[in-house]
Amino acid sequence: MSARIAILKDAAAVAFMAFLIFGPFLGLQLGDSNAGNLTLSTRPELLALAVVAVFFARLGMLIWQEYRPARLPGTELALKVQESGRFIAPALLVFAVALPLIPGVQNVYIDLGVLIMTYVMLGWGLNIVVGLAGLLDLGYVAFYAVGAYSYALLSTTFNMSFWECLPISGLLAACWGIFLGFPVLRLRGDYLAIVTLAFGEIIRLVITNWVALTGGPNGIDEIPHPTLFGLSFSMAGGPGTFAGFFNILPAPGQRITYLYYIILFLALLTNWVTLRLRKQPLGRAWEALREDEIACRSLGINVRNTKLTAFAIGAMFGGFAGCFFATREGFISPDSFTFIESATVLAIVVLGGAGSQLGIVLAACVMIGVPELLQSLQIYRMLIFGIALVLIMIVRPRGFISKRRPTVLLRPVLRPVQVTEP
Amino acid sequence: MNDVILTVTDLTMRFGGLTAVNRLSFEARRGEITALIGPNGAGKTTAFNCITGFYKPNKGSISIAHTPGAALRLDKLPGHAIAKKGRVARTFQNVRLFAGMSVLENLLVAQHNRLQASTGFGVLGILGLGKYRAAERAAIELCRHWLEQTNLTDRANDPAGSLPYGAQRRLEIARAMCTNPVLLCLDEPAAGLNPRESAALNALLLKIRDDGCSLLLIEHDMGVVMKISDHIVVLDHGKKIADGTPLEIRSDPGVIAAYLGEGDEDDPDAPIAETLEEVP
């Protein structure tokens, strides 16, 4: 009984505070009289509405905290997703491969698929650094930018093709990963996050200001689109184009589908390498580093090199994704590589459950797909999106899929059965 | 029997104005359990951290003899090479396991250097080529051996953090042994163990010694120290005050004074001797 009174008291106190705060904003209104001087009118209904809303919201929150079920809704579902992960992942894969082939799928959905897949790839790349090695990196977009500008500059200056530039972009991004890695080797947690954040900004500012090389804020345009064994996807048709070679009508869907399969391939490559590395000594050393750096050192693990490989490999996949981004858009400028991109990718990793590959796919669908699909709701979409994220983090505070599966299992020794001779 | 494995000479470690270890010299012999004891603040842990490469000593040298007569200067090696090249493994006073990883994974991480070498910079490993598979099988067999020694085989696939405290301590020893050391350094291995676990620990340490690995341990629990040590070094205020067999240490007046305080000189033997002899 006293608990209920306490809850009511608390809600009333919060409502009173709301009254104090909202009083001047909602309760009073300044206006112009015809004579040109200010008039003051009151709006008691609006103020009362806000205070009552706050009272009931607070009441609801407290009741929820008091009587929340032992198992939150969604826990069951998440556990099922976790357990059936081995079925869901192949099902998603089949769906991803088949998506452009399904008749009636509009280009806009394939394009959305390309966008989501780009973020899945970025999430998987960042997952190596954040999820496995436990190094909080807020400047991941820097490697994305390095990859994108590598391709843009190489292709527009030296006429190099997408497939030639792809490995170079990854390599350059990996070099920058090592370059960033060195100064931050001794930093942990918050300090590491700040330095990587600054690094992301430095790269963006250099790109913006080095006008002679990068075109500054104007960016680089007319970046060539990728070709399939030399066949371009030009809408003009004719010899040397995809449509001309196969004698079909050129359609924008062909290029989008091709881009879709490129990013699908790149994302799956990232996933495959990560999954393999997790079962390798290197991947285990990353995870050990996340758990306890001092113990790693006592076991003879070279902490410096292990961290640098994590930065380099994570950055390499960021560079691949950047290279793809440049070829897909055909135009890049520093505006594409702001902090919000790093934050989005990090949110995908955290929301998915750091370390979980499948969780990242689900989180990327939520983070990128939902705002796009809610376009029709106009101004409310970001509000709904924000509320959805808060709710997800209340229900699944450690991400969608937070259970870690061991990389290796000890199997019982099969002892030969004693056969007694008759 | 004068086969020395670890030689510490004139070791000095200062933190600002405080000299935590002052010209400490001692030796640990191969195939023996050497204990480092002393009252709180005597500099045991500092000396220990110097030996295991966590501190760089201001002065003095530490060398290890992998084979009789050889000498490798540990104080010249970078931190991570102490385990790799120096073949000195250690455990921690507050257990430092990889809590989220399974017991088996903890033991595999300890064999990182050997396994990593077999993966060809990771590239062959990713492609599933090379000697990696065989190397991993061998590594798992070594894990299995130490899991059996420490009685953890049943828990091999559980997260290390979910083990009870005593098991975590044993796992930490198993993990250190998986680096294949010649000298195992234990920082208060018996802290927080109940008498039964403590007895099992003694048996494990004696087994490790008999299998040919030398041990150096810091310990507060005199029961453990007096029962299993072959050789004891006593520190006080950063200096060595005694060095000898458990029997000699037990009757050393300097040690008794250090443990019970210098004020007790009128009656030096009565209460202290009891503390030290409480071990049967």
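Residues numbered from 1 in each chain as written. Chains lettered and ligands numbered in written order. Predicted model: local features only at pLDDT ≥ 70, side-chain atom pairs only at ≥ 80, totals over all residues.

1. Quick word on the overall build of chain B
Then comes step 1: Per the secondary structure count, chain B includes 12 helices and 10 strands.
Then comes step 2: Per-residue burial over chain B gives 42% buried out of 280 residues.
Then comes step 3: Nonlocal contacts in chain B, meaning residues at least 24 apart in sequence, comprise 64% of its contacts between residues at least 6 apart. (Helix = DSSP H or I, 4+ residues; strand = E, 2+ residues; numbered from the N terminus. Buried ≥ 20, exposed ≤ 12 C-beta atoms within 10 Å, placed from the backbone. Contact = placed C-beta atoms within 7 Å.)

2. As for the overall build of chain A
Then comes step 1: For chain A, the helix and strand inventory stands at 17 helices and two strands.
Then comes step 2: Summarising its shape, the C-alpha atoms of chain A cover approximately 90 × 75 × 50 Å along the three principal directions.
Then comes step 3: In chain A, buried positions account for 39% of the 422 residues.
Then comes step 4: Taking the intrachain contacts of chain A between residues at least 6 apart in sequence as the baseline, contacts between residues at least 24 apart amount to 74%.

3. Notes on the environment of Arg209(B)
Then comes step 1: Here Arg209(B) is to be found in helix α8 (residues 195–210).
Then comes step 2: With 179 residues separating them in the primary sequence, Arg209(B) and Arg30(B) have C-alpha atoms 9.2 Å apart.

4. Some points on the interface of chain B and chain A
Then comes step 1: In this assembly, 29 residues from chain B lie in contact with 27 residues from chain A.
Then comes step 2: Among the elements of the structure, α2 (81–84), α3 (103–109), α4 (112–118) and α5 (123–127) of chain B are those that each provide at least two residues to the side of chain B that touches chain A.
Then comes step 3: Looking at the side of chain B that touches chain A residue by residue, the class counts come to 11 nonpolar, 13 polar and five charged. (Nonpolar A, V, L, I, M, F, W, Y, C, P; charged D, E, K, R; others polar.)

5. Quick look at helix α6 (residues 132–149) of chain B
All names here are of chain B.
Then comes step 1: The terminal C-alpha atoms of α6, which comprises 18 residues, lie 26 Å apart, in line with the 26 Å expected from a rise of 1.5 Å per residue.
Then comes step 2: Within α6, burial applies to Tyr132, Glu136, Ala139, Ile140, Cys143, Trp146 and Leu147. Down the axis of α6, the buried side of the element spans an arc of 120 degrees, and every buried residue falls inside it. Summarising the geometry of α6, the exposed residues directed more than 90 degrees from the buried face are Ala134, Arg137, Glu141 and Glu148.
Then comes step 3: Of the residues trailing α6, Asn151 is marked for its positive phi of about 65 degrees. (Expected span 1.5 Å × (residues − 1). Arc of directions from axis to C-beta.)

6. Focus on unusual backbone geometry
Residues and elements named next belong to chain B.
Then comes step 1: For Arg23, which is not glycine, the phi torsion reads 45 degrees and is therefore positive.
Then comes step 2: Structurally, the position occupied by Arg23 is in strand β2 (residues 18–29).
Then comes step 3: Non-glycine residue Asn180 carries a positive phi angle of around 65 degrees.
Then comes step 4: One can find Asn180 in the loop between α7 (165–177) and β7 (183–187).

7. Looking at helix α1 (residues 44–51) of chain B
The periodicity of an α-helix, 3.6 residues per turn, causes residues three or four positions apart to be oriented the same way.
All names here are of chain B.
Then comes step 1: Of all eight residues in α1, six are buried; the element is thus mostly enclosed.
Then comes step 2: Buried within α1 are the following residues: Lys44, Thr46, Ala47, Phe48, Cys50 and Ile51.
Then comes step 3: Gly53 sits one or two positions beyond α1 and adopts a positive phi of about 85 degrees.

8. A look at the sheet that holds strand β4 (residues 59–64) of chain B
Residue and element names in this part refer to chain B.
Then comes step 1: Strand order in this open sheet of four strands is β2-β1-β4-β5, and the pairing throughout is antiparallel. The open sheet is flanked by β2 and β5 (72–73), the only strands paired with a single partner.
Then comes step 2: Here two bridges tie β4 to β5, and the two strands are oriented antiparallel to one another. The partner of Ser63 across the bridge, within β5, is Arg73. (Pairing = 2+ DSSP bridges.)

9. A few points about the pairing of β2(B)
Residue and element names in this part refer to chain B.
Then comes step 1: Pairing between strand β1 (residues 4–15) and β2: eight bridges, direction antiparallel. By the bridge assignment for β2, Leu6 is matched with Ala28.
Then comes step 2: Adjacent in sequence and paired antiparallel, β1 and β2 are bridged by two residues, among which Gly16 carries a positive phi angle near 60 degrees.

10. Concerning the domain arrangement of chain B
All names here are of chain B.
Then comes step 1: The assigned domain composition of chain B is domain 1 (1–87 + 181–280) and domain 2 (97–178).
Then comes step 2: Counting residues at the interface gives 10 residues for domain 1 and 10 residues for domain 2.
Then comes step 3: No other element matches α8, which puts four residues into the side of domain 1 that touches domain 2.
Then comes step 4: Grouping the amino acids of the side of domain 1 that touches domain 2 by side-chain chemistry returns six nonpolar, one polar and three charged. (Domains from an automatic or database assignment.)

11. Considerations on the sheet that holds strand β3 (residues 33–37) of chain B
Residue and element names in this part refer to chain B.
Then comes step 1: The strand order β6-β7-β8-β3-β9-β10 describes an open sheet built from six strands, whose pairing is mixed. The two strands at the open ends of the sheet, each matched to only one other strand, are β6 (88–90) and β10 (239–244). Averaged over all adjacent pairs, the angle separating strand axes in this sheet is 20 degrees, with direction ignored.
Then comes step 2: Note that β7 and strand β8 (residues 214–218) share five bridges and pair parallel. Bridging from a neighbouring strand, Leu184 pairs with Leu215 of β8.
Then comes step 3: Contacts from α8 reach β3, β7 and β8 within the one sheet, and its direction differs from that of β8 by about 145 degrees. (Axes fitted to C-alpha atoms, helices over the stretch in contact; angles between N-to-C directions.)

12. Section: the pairing of β10(B)
Then comes step 1: Examined bridge by bridge, strand β9 (residues 231–236) of chain B and β10(B) share five bridges and lie antiparallel to one another. Within β10(B), the residue paired with Val234(B) across the bridge is Ala242(B).

13. Let's talk about the environment of Leu171(B)
All names here are of chain B.
Then comes step 1: Structurally, Leu171 can be placed in helix α7.
Then comes step 2: For the pair Leu171 and Asn151, spaced 20 residues apart in the sequence, the C-alpha separation amounts to 9.2 Å.
Then comes step 3: Apart from residues no more than four positions distant in its own chain, Leu171 is found in contact with Leu97, Val103, Asn106, Thr150, Leu152, Ala160 and Leu163.

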